[in-house]
Amino acid sequence: LLMNLARTEALLLNFCQMIKSNYADAIYASNPSNGWSSYVTGQMARSFSYEVIVYKNSFEVNFELEQPDGYLQEFGVGFGAERGYDMGGSFPDVGEIQDWVRDKGFRFEHLSGRKAGKTMSLKETSFLAARKVAEQGFDARWFFSTAVNNAFPYLDKELINKFGLDVDDFLDQLEIYE
C-alpha cells in the first residue's frame, strides 16, 4: 500500500512541528530552575528548525539546533564520551556566562589575599563559573530527545506501519551536528 507523497510529507511536517513545540515547552518549563534569562530561553526555543524530504519509498527529516549551545544543552559537557560533549580542554565563553551570572544576581566574596572579604566583580564571578564548567562540566538536559519521545506516540500509525518506524531506531539514526 503506497502512501501519497503529499500526505506523507504533511504527516511528517505535523510530527516535526509537534517535536518543535515540545522542545520549546521543555525549555520554557525549565527556565525558573535553570537560571537562564528569558532571552536565552527564547533564543534556544526559536533556534530549532527542521526540513522534511519525502521520496517514493523513504523520507529524510533534518533537525537543526541553530543556537550554538543547543548541542551542549542536549548532551551536557564533560570529559570523554561518557559525559556528553568533550570540550577538549577549551574554556567556555566567559561573556555568555557573564549574562547568566548577571541575571541570577550571583556575587561571591574573595576568601583570601589582599581582597579577602570583598565582593568579586561580575567578571571575576563569571570567570569562576566558566572555570567550573571547564573543569567539571554540566549534566545533559535532553530537551530534544524528550521532545521526540513525547511526540512519537502521536505519529500517524499509517506512517509507522509503512516505514516500520520505532522510536529507539529513530533516535539511533539521528545525526547530531555541532
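## Some words on the environment of Arg-46
Then step 1. Along the chain, Arg-46 turns up in helix α2 (residues 38-46).
Then step 2. Accessibility expressed as a relative area gives 58% for Arg-46, which makes it exposed.
Then step 3. For Arg-46 and Lys-20, which are 26 residues apart along the polypeptide, the C-alpha to C-alpha distance reads 9.1 Å.

## With respect to the confidence of the model for the protein chain
Then step 1. In the predicted model, the protein chain carries a mean pLDDT of 76, and the fraction of residues at 70 or more is 71%.
Then step 2. Mean pLDDT across the elements of the protein chain ranges from a minimum in strand β4 (residues 85-86), with 53, to a maximum in strand β1 (residues 48-54), with 90.

## Regarding the environment of Val-148
Then step 1. Structurally, the position occupied by Val-148 is in helix α6 (residues 143-151).
Then step 2. For the pair Val-148 and Phe-15, spaced 133 residues apart in sequence, the C-alpha to C-alpha distance is 9.0 Å.

About the criteria used
Residues numbered from 1 in each chain as written. Predicted model: local features only at pLDDT ≥ 70, side-chain atom pairs only at ≥ 80, totals over all residues. Heavy atoms only, no water. Helix = DSSP H or I, 4+ residues; strand = E, 2+ residues; numbered from the N terminus. Buried < 20%, exposed > 50% of the residue type's maximum accessible area, 1.4 Å probe, protein only. pLDDT = per-residue confidence, 0-100.

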